[in-house]
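Spelled out, the chains give:
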Amino acid sequence: MNNKMKRLFLAIFLVFLAVLPVFPATPEFWINQMNSIGIASLVVLGLVVLTGVGGLTSFGQAAFVGIGAYATAYLSTSAGYSPWLGLVLAIALTFFVSYILGQITLRLSGHYLPLATIAVCLVFYYLYGNMGFLGRHDGIPGIPPIEIFGFSLLKAKHVYYLIWVLVLFAVWTSKNLLDSRPGRAIRSLKSGAGMAESFGVHTQYYKVVAFVYAGVLAGLAGWLYAHEQRAVSPSTFGINYGIEYLFMAVIGGSASIWGAVFGSALILTMKDKIQDIVPALLNTTANFEMVVFGILMVLILHHAREGLWPILVNFFSRITGRQLAPVREVPQAASALPQRAKPGHGQLILEVNDIRKEFGGLVAVNDISFSIKAGEIMGLIGPNGAGKSTSFNLITGVHSLTSGSVRFMGQEIGSLSSRKIAALGVGRTFQHVQLLPTMSVLENVALGTHLRTNTGIVQSLLHIERDAEAQMLQEAKKQLERVGLGDYIHEQAGNLSLGQQRIVEIARALALDPTLLLLDEPAAGLRYKEKQELAKVLSALRDEGMSILLVEHDMDFVMRLTNHLVVMDFGTKIAEGTPEQVQTNPVVLEAYLGGVDDDLSISVQKDATA
Ligand code: ADP
Ligand code: MG
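The notes below deal with the structure included here. (Residues numbered from 1 in each chain as written. Chains lettered and ligands numbered in written order. Predicted model: local features only at pLDDT ≥ 70, side-chain atom pairs only at ≥ 80, totals over all residues. Heavy atoms only, no water.)

## Topic: the coordination of the magnesium ion (ligand 2)
Then, number 1: Ser389 (OG) and Gln431 (OE1) make up the full set of protein donors to the magnesium ion (ligand 2), lying at 2.0 to 2.1 Å. Remark: Gln431 occurs in the loop between strand S8 (426-428) and helix H16 (441-446) and Ser389 occurs in helix H14 (residues 388-395); sequence separation between them is 42 residues.
Then, number 2: In this structure Gln431 comes out as partly exposed when scored by relative accessible area, which is 24%. (Donors = N, O, S within 2.8 Å, 3.2 Å for Na, K, Ca; no water. Helix = DSSP H or I, 4+ residues; strand = E, 2+ residues; numbered from the N terminus. Buried < 20%, exposed > 50% of the residue type's maximum accessible area, 1.4 Å probe, protein only.)

Have a look at this one:
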């Protein structure tokens with residue numbers, strides 16, 4: 001759907017929202033239902049950011065709804081304060097609680113996080129049910145309605161407007177967030193911590209950001225709920241509601257913002273219908289909706305991972321004949337991003353001294369030393385398993401050194417984290433491509449600029465970081481053009497060939513404005529012509545003064561491009577020198593050609609016996 005179509009659909013939806021309560025024939029029940037949908041949408045929007053985009057599953061959002069609801073319920077009844085003060089408390093409390101819980105639980109990996117969120121939900125459920133001043137299992141009745149300038153939002157059709165204004169606001173802030181520097185950091189959480197940290201993303205921080213954002217939206221929903229229902233009790237904040245919110249997110253489309261509103265509407269409407277139909281059919285009042293939702297969820301996870309919203313968008317695109325992918329335009333930046341001062345030609349950039357890595361009994365890297373000067377391409381070659389990638393990971397701080405030292409521009413970096421090393425100007429690619437496949441090529445590369453601006457969360461939510469964002473996108477575009485992928489910037493990264501994806505990784509590393517570039521098998525999977533293009537790009541970079549450490553299997557490629565080579569075998573350095581020296585070194589020939597000879601002799605023998 002192109003941007004114009006999107007705006008048209010949005011306008012129709014807004015008009016529908018605005019006139020629904022005014023229309024005299026609209027049943028009261030519909031308004032109530034819309035209010036519930038709006039409140040749930042707020043919670044689910046948080047889950048889209050946290051779970052759908054960030055990959056952090058929470059079953060516990062109902063607990064935060066409860067915190068917001070009970071905070072305002074207590075304050076506006078027993079304590080007699082205005083609901084607006086209740087709003088402040090609801091947000092402050094959910095912020096505080098989700099921050100603390102996030103700091104603790106988000107360090108847990110794998111299944112422990114979802115389990116911890118279940119525990120949180122249960123704990124709060126029993127807290128509400130057992131605390132005297134919160135009315136125990138009866139809850140708190142008699143909550144006053146919200147007033148705006150003396151006008152009471154007592155009627156459903158009046159609070160309706162407040163709810164939906166807040167939903168639309170949250171849709172807007174969520175969209176802003178995802179299309180920003182922090183948003184790209186949150187999206188990169190799904191790729192596993194290693195890649196994101198290599199571009200300076202403080203992954204733990206952004207996990208907490210996503211968790212707090214989701215928590216605060218749930219708290220806001222709780223505040224609205226308390227004043228809309230005029231009573232709260234523990235049962236609506238239990239674990240089954242936590243699960244229901246997750247259903248809404250997954251079924252609607254866990255990574256799409258409008259999918260949150262759609263999923264909430266679908267689940268709540270279905271719930272209501274099922275509660276009407278099943279008792280009539282089966283003569284029972286049991287809770288069948290959870291069974292139906294469970295089945296629906298399994299079907300969705302099997303057949304439409306992205307949920308129903310993308311399918312719906314696809315369908316509309318087809319019947320209207322408009323192009324599908326929403327295109328992120330690259331705004332013209334006022335100025336280019338600042339660049340770091342580069343070292344003079346020939347200056348010593350990297351000194352690796354006796355680095356060693358042991359994995360249990362295996363010595364993957366055995367006291368290797370070498371150095372790289374500015375404006376030089378150094379090749380690191382050797383058979384599979386020789387320890388080349390491990391050496392990369394030692395230099396970039398992904399693995400810790402068993403012993404040895406690494407100095408970058410005179411500074412010891414052997415004990416620094418990969419985030420700090422990236423900040424000093426070390427850019428890298430990965431042997432196994434680590435792009436975010438559903439994100440555009442442009443935004444993948446923009447992640448590389450993460451350390452070059454410092455736009456924060458609030459600026460991004462309100463989209464007042466336009467200049468910095470334009471600079472980052474512009475820089476990403478520039479680097480993509482530099483490596484020859486200027487025609488692909490709006491493509492999804494996962495749709496490119498593997499060879500092209502490797503080049504995207506180079507552009508992303510360049511977007512960091514590195515002094516030293518580490519490339520792990522960049523030419524693997526490239527066609528002959530593409531390799532030639534890549535060689536041109538790399539020599540141009542060298543001429544600009546860049547230092548490059550290159551791991552590569554294609555000997556022809558390495559020999560033509562490098563100034564200096566180190567050969568490794570079984571973790572040990574077996575030779576070093578210029579390409580000519582290495583090519584004629586008998587030890588190297590033994591390590592490489594020895595293997596080939598064996599293979600040849602085997603195939604000859606096979607032929608002989610056949
Ligand atoms: P290369 O990149 O030269 O092909 P690697 O550096 O990937 O080789 O691997 C060197 C050796 O270290 C191999 O034997 C590999 O199995 C082992 N290795 C690499 N990473 C790990 C790890 N995280 N844990 C245990 N062994 C590892
Ligand atoms: Mg490797």
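Right, picking up where we left off after that structure.
## Here we look at the site of ligand 1
Then, number 1: Within the structure, ligand 1 sits among Phe359, Leu362, Ala364, Asn384, Gly385, Ala386, Gly387, Lys388, Ser389, Thr390 and Gln431.
Then, number 2: Contact distances for ligand 1 include 2.8 Å between an oxygen atom and a backbone N or O atom of Gly385.
Then, number 3: Ser389 is positioned with one of its side-chain polar atoms (N or O) 2.8 Å from an oxygen atom of ligand 1.
Then, number 4: Against a free-state accessible area of 560 Å², the protein chains account for coverage of 62% of ligand 1.
Then, number 5: The element that contributes the greatest number of residues to the shell around ligand 1 is H14, accounting for three residues.
Then, number 6: When grouped by side-chain class, the residues that make up the shell around ligand 1 number four nonpolar, six polar and one charged. (Near = heavy atom within 4 Å. Polar contact = N/O pair within 3.5 Å; in protein donor to acceptor, adjacent residues only side chain to side chain. Areas by Shrake-Rupley, 256 points an atom, 1.4 Å probe, with all protein chains shown as cover. Nonpolar A, V, L, I, M, F, W, Y, C, P; charged D, E, K, R; others polar.)

## Some remarks on the pairing of strand S4 (residues 362-373)
Then, number 1: Of the strand pairs in this sheet, strand S3 (residues 348-359) and S4 are connected by eight bridges, and their pairing is antiparallel. Looking across to S4, one finds that Glu351 is bridged to Ser371.
Then, number 2: Connecting S3 to the next strand, S4, in antiparallel fashion are two residues, including Gly360 with a positive phi near 60 degrees. (Pairing = 2+ DSSP bridges.)

## Concerning the pattern of salt bridges
Then, number 1: Evaluation of the coordinates by the stated rule reveals 17 salt bridges.
Then, number 2: As a salt-bridge pair, Glu475 and Lys478 come within 3.6 Å of each other at their nearest N and O atoms. Within this pair, Glu475 and its partner Lys478 are both found in helix H18 (residues 466-482), separated by three residues, close to a single helical turn.
Then, number 3: Assessed through its relative accessible area of 40%, Lys478 is described here as partly exposed.
Then, number 4: Taking the shortest distance from any N to any O, the salt bridge between Glu505 and Arg508 comes out at 3.1 Å. Here Glu505 pairs with Arg508, and both are found in helix H19 (residues 498-510), just three residues apart, close to one helical turn.
Then, number 5: Look at Glu505 and you get buried, because its relative accessible area is 1%.
Then, number 6: Looking at Arg508, the relative accessible area reads 0%, which means it is buried. (Salt bridge = Lys/Arg side-chain N within 4 Å of Asp/Glu carboxyl O.)

## Let's talk about a nonpolar patch on the surface
Then, number 1: Side chains of Phe95, Phe96, Tyr99, Ile100 and Ile104 sit close together on the surface and give an oily, nonpolar patch of about 510 Å² of accessible area.
Then, number 2: If you trace the backbone, Tyr99 turns up in helix H4 (residues 83-105).
Then, number 3: We classify Tyr99 as partly exposed; its relative accessible area is 38%. (Patch = residues over 30% accessible without salt bridge, like charges linked within 9 Å, V, L, I, M, F, W, Y side chains within 5 Å.)

## Observations concerning the packing of helix H3 (residues 61-76) against H4
Then, number 1: Taken N-terminus to C-terminus, the directions of H3 and H4 make an angle of 145 degrees; their axes are 8 Å apart at the nearest point. Like other packed secondary-structure pairs, H3 and H4 cross with a definite hand, here right-handed. On the side of H3, the interface is formed by Phe64, Ile67, Gly68, Ala71, Thr72 and Leu75, while H4 contributes Pro83, Leu85, Gly86, Leu87, Leu89, Ala90, Leu93, Thr94, Val97, Ser98 and Leu101.
Then, number 2: Across the contact of H3 with H4, the residue classes break down as twelve nonpolar, five polar and no charged. (Axes fitted to C-alpha atoms, helices over the stretch in contact; angles between N-to-C directions. Left-handed = near helix turned anticlockwise from the far one by under 90°. Contact = heavy atoms within 4.5 Å.)

## A short note on the environment of Ser417
Then, number 1: Relative to the elements of secondary structure, Ser417 occurs in the loop between strand S7 (411-412) and helix H15 (418-424).
Then, number 2: Taking relative accessible area as the criterion, Ser417 reaches 30% and is therefore assigned partly exposed.

## Concerning helix H5 (residues 112-130)
Then, number 1: With 19 residues, H5 should reach 27 Å at 1.5 Å per residue; the first-to-last C-alpha distance of 27 Å fits that figure.
Then, number 2: Of all the residues in H5, the buried ones are Leu113, Pro114, Ala116, Thr117, Val120, Cys121, Phe124, Tyr128 and Gly129. (Expected span 1.5 Å × (residues − 1).)

## Brief notes about the side chain of Ser391
Then, number 1: Following the sequence through the fold, Ser391 ends up in helix H14.
Then, number 2: A relative accessible area of 1% means that Ser391 is categorised as buried.
Then, number 3: Among residues more than four places away in sequence, those in contact with Ser391 are Val365, Leu380 and Met568.

## As for the packing of helix H11 (residues 257-282) against helix H12 (residues 289-303)
Then, number 1: The geometry of H11 relative to H12 is characterised by a closest axis approach of 9 Å and an angle of 135 degrees between their N-to-C directions. By the angle between their axes, H11 is oblique relative to H12. Of the two possible hands of crossing, H11 and H12 adopt the one that is right-handed. The residues of H12 that touch H11, namely those facing Ile267, Met270, Lys271, Ile274 and Gln275, are Glu289, Val292, Phe293 and Leu296.
Then, number 2: Residues of the contact of H11 with H12, tallied by class, amount to six nonpolar, one polar and two charged. (Parallel < 35°, antiparallel > 145°, perpendicular 65-115°, else oblique.)

## Here's the deal with the nonpolar core
Then, number 1: Of all hydrophobic cores here, the largest spans 104 residues; its most connected members are Trp164, Ile186, Trp223, Leu224, Val232 and Tyr245.
Then, number 2: Broken down by element, the residue count for this core peaks at 17 residues, all from helix H9 (residues 203-229).
Then, number 3: Other than its neighbours up to four places away in sequence, Tyr245 contacts Ala40, Val43, Val44, Leu47, Ala62 and Val65.
Then, number 4: Core analysis: the next-biggest nonpolar cluster, separate from the first, contains 35 residues, Ile506, Leu517, Leu534 and Leu550 among them. (Core = buried A, V, L, I, M, F, W, Y, C linked by side-chain atoms within 4.5 Å.)

## A look at the packing of aromatic side chains
Then, number 1: On inspection of all chains with the given rule, the structure shows 18 aromatic pairs.
Then, number 2: Look at Tyr70 and Phe237: their rings are 5.9 Å apart centre to centre, the planes differ by 65 degrees, and that puts the pair in the edge-to-face class. Taken together, the positions of Tyr70 in helix H3 and Phe237 in the loop between H9 and helix H10 (239-253) put the pair 167 residues apart, joining distant regions of the chain. Grouping residues by exposure puts Tyr70 and Phe237 together as buried. (Phe/Tyr/Trp six-rings, centres within 6.5 Å; stacked < 30°, edge-to-face > 60°.)

## Focus on unusual backbone geometry
Then, number 1: The phi dihedral of Asp354 is positive, around 50 degrees, even though this residue is not glycine.
Then, number 2: Along the chain, Asp354 falls in strand S3.
Then, number 3: Note on Asp354: relative accessible area 43%, which makes it partly exposed.
Then, number 4: With phi around 55 degrees, His463 is a residue other than glycine that occupies positive phi space.
Then, number 5: You can see His463 is positioned in the loop between helix H17 (457-461) and H18.

## Observations regarding the sheet that holds S7
Then, number 1: The four strands lie next to each other as S4-S3-S6-S7, forming an open sheet whose pairing is antiparallel. Two strands bound the open sheet, and with one partner strand each, they are S4 and S7.
Then, number 2: Note that S3 and strand S6 (residues 403-408) share five bridges and pair antiparallel. Along S6, the bridge assignment pairs Val352 with Val406.

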